[in-house]
Amino acid sequence: ATGNANDTTMPPGIYHFNGGDIKMTGNSKIYGDNVLFFLEGGSAWKVTGNSRFELTASETALYPGMHPGMLFYSARDNDTLFKYTGNANTFTRGIIYLPAAEFEVTGNFNGRFAEGQIIVDRFSATGNINVELQYREYVDMRVPAVWLIE
């Protein structure tokens, strides 16, 4: 989505990217409920300018074996940068899972940014960043108890 595009609403479902990027530039706007973005083969999410998006994950599995709440799932070998730059106005609800990639936020961000879990290899923020990340447990993150019995 580029330029001053009209609002784009994505229907519920799974969006698979293999080797291609998802790019938003200018004043583009994307909305989607009950969506999952699967990124592999060097695919990445890149947002620049005054772009706006509001995306929510499905609370139920979209396919057998899927973990409910997954919004962005990057393949374990995909280390391509996941980037928000500029004055983007965003909100996500769900899990952002980037086990090998850096999540970089630069520019001017203010307000509620995400609700859920962000599981990434590295996270960096530079610029005028004042955001709220609201934790919502989709994946149990407790460390298991270990007992020594003699």
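Scroll up for the structure.
Residues numbered from 1 in each chain as written. Predicted model: local features only at pLDDT ≥ 70, side-chain atom pairs only at ≥ 80, totals over all residues. Heavy atoms only, no water.

What follows covers the overall build of the protein. The helix and strand tally for the protein stands at zero helices and ten strands. Secondary structure of the protein in N-to-C order comes out as β-β-β-β-β-β-β-β-β-β. Going through the 150 residues of the protein one by one, you find that 38% of them count as buried. Surface summary for the protein: the accessible area is close to 8300 Å², and the carbon and sulfur share equals 51%. (Helix = DSSP H or I, 4+ residues; strand = E, 2+ residues; numbered from the N terminus. Buried < 20%, exposed > 50% of the residue type's maximum accessible area, 1.4 Å probe, protein only. Areas by Shrake-Rupley, 256 points an atom, 1.4 Å probe, with all protein chains shown as cover.)

Right, let's talk about the nonpolar core for a bit. One broad trend across soluble globular proteins is that nonpolar side chains are buried collectively. Grouped together as the largest cluster of nonpolar side chains are 25 residues, with contacts concentrated most on Phe-37, Trp-45, Leu-55, Phe-72, Phe-82 and Tyr-84. Element by element, the count of residues in this core is highest for strand 10 (residues 89-135), at eight residues. Setting aside chain neighbours within four positions, we find Phe-37 in contact with Met-10, Tyr-15, Phe-17, Ile-22, Trp-45, Leu-55, Leu-71, Phe-72 and Tyr-73. Counting residues in each nonpolar core, the second largest holds six residues, with Leu-36, Met-66, Ile-95 and Tyr-138 among its members. (Core = buried A, V, L, I, M, F, W, Y, C linked by side-chain atoms within 4.5 Å. Contact = heavy atoms within 4.5 Å.)

This part covers the packing of aromatic side chains. With the rule as written, the count across this model stands at 13 aromatic pairs. Seen from their ring centres, Phe-53 and Tyr-84 are 5.4 Å apart, and the 70 degrees between their planes marks the pair as edge-to-face. Within this pair, whereas Phe-53 is found in strand 7 (residues 52-56), its partner Tyr-84 is found in strand 9 (residues 82-86), the two being separated by 31 residues in sequence. According to the relative accessible area criterion, Phe-53 is buried, its value standing at 0%. Taking 5.0 Å as the distance between ring centres and 85 degrees as the angle between the ring planes, the aromatic pair formed by Phe-82 and Phe-103 counts as edge-to-face. With Phe-82 in strand 9 and Phe-103 in strand 10, the pair connects residues that are 21 residues apart, well separated along the chain. Classification of Phe-103 as buried rests on a relative accessible area of 0%. Among the aromatic residues, those joined into a ring-pair cluster are Tyr-15, Phe-37, Trp-45, Phe-53, Phe-72, Phe-82, Tyr-84, Phe-103 and Phe-123. (Phe/Tyr/Trp six-rings, centres within 6.5 Å; stacked < 30°, edge-to-face > 60°.)

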